[in-house]
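These are the residues of each chain, in order.
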Amino acid sequence: MDATLAAAARAAIGFMPDDEGLALHAAGLLGGAVGPLLEIGTYCGKSAVYLGAAARERNTVCFTVDHHRGSEENQAGWEHHDTRFVDPRTGRMDTLPWFRRTIEDAGLEDVVVAVIADSPTVARHWTTPLGLCFIDGGHALDVAMADYEAWAPKVAPGGVLVFHDVFEDPADGGQAPFEVWSRAAASGEFTPVSTTGSLRVLQRS
Ligand code: SAH
Ligand code: MG
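Bear in mind that the values here come from a model prediction, so they are computed numbers and not experimental data.

A. A look at the environment of Arg10. Within the secondary structure, Arg10 sits in helix H1 (residues 3-11). In this structure, the C-alpha to C-alpha distance between Arg10 and Leu161, residues 151 residues apart in sequence, is 23 Å. Setting aside chain neighbours within four positions, we find Arg10 in contact with Asp18, Lys46 and Tyr50.

Structure below.
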């Protein structure tokens, strides 16, 4: 990965360790040869920098979908709440300005395309086959499963499906992404490509 972009990604706000980010970038290069990349769960744009760098190398783009109002676990009183992201006008979360800064600082405004919306709403109208779909939106089981069911069919043959925060051991984290990954892995439609920390990459046969 380009050193300047790797530094921008490392400096960005978020929960993705660098080794997982580099694995995501590698998945982006693989999928980017097949079609555009799409991420569910933008947050402040850290993972979008890894994917955007891959999109640029492959002459494609990365769409990133988020309503920017935070997941359940980002709301006040929850573990991953950060008061910097609260809009003082309304008291609601708004990570969109932080995303814009991240992508501006990384110089990726021409390749990372924000889609500001609820993921299932976008999926209902999305018809372009994807080279990569990265599922990292809401981590409640119903939400994560709905993302898988809505988006996985849009991954083109040879394209990749990537999951984040997959923990086999409940002591390490929530089980929903692991359950969703297990469903995908058992579907017979995908072959495992890599596992790096909690990031798992599958490729459509
Ligand atoms: N991929 C990011 C982290 C994403 S955090 C990174 O690694 O840097 C999860 C994000 O999913 C939050 O920003 C939240 O707003 C978003 N989200 C949760 N449910 C969603 C939904 N139904 N539609 C769109 N975005 C959603
Ligand atoms: Mg994540």
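B. Representation of the site of ligand 1 within the structure. Every one of the 18 residues lining ligand 1 counts as a neighbour, but Gly41, Ser47, Asp66, Asp118 and Asp136 are closest to it. Within the side chain of Ser47, an N or O atom sits 2.8 Å from a nitrogen atom of ligand 1. In the model, a nitrogen atom of ligand 1 is placed 2.8 Å from a nitrogen or oxygen of the Asp118 side chain. Burial of ligand 1 by the protein amounts to 94% of the accessible area it has alone, namely 580 Å². Residues of the shell around ligand 1, tallied by class, amount to three nonpolar, ten polar and five charged.

C. The pairing of strand E3 (residues 112-115), seen in detail. Two elements, strand E2 (residues 62-65) and E3, share four bridges in a ladder whose sense is parallel. Residue Val65 lies in a different strand from E3, and its bridge partner there is Val115. After leaving E2, the chain enters helix H4 (residues 96-106) and then returns to the sheet as E3, a path that is right-handed.

The rules behind each value
- Residues numbered from 1 in each chain as written.
- Chains lettered and ligands numbered in written order.
- Predicted model: local features only at pLDDT ≥ 70, side-chain atom pairs only at ≥ 80, totals over all residues.
- Heavy atoms only, no water.
- Helix = DSSP H or I, 4+ residues; strand = E, 2+ residues; numbered from the N terminus.
- Contact = heavy atoms within 4.5 Å.
- Near = heavy atom within 4 Å.
- Polar contact = N/O pair within 3.5 Å; in protein donor to acceptor, adjacent residues only side chain to side chain.
- Areas by Shrake-Rupley, 256 points an atom, 1.4 Å probe, with all protein chains shown as cover.
- Nonpolar A, V, L, I, M, F, W, Y, C, P; charged D, E, K, R; others polar.
- Pairing = 2+ DSSP bridges.
- Right-handed = clockwise from strand over helix to strand, strands pointing away.

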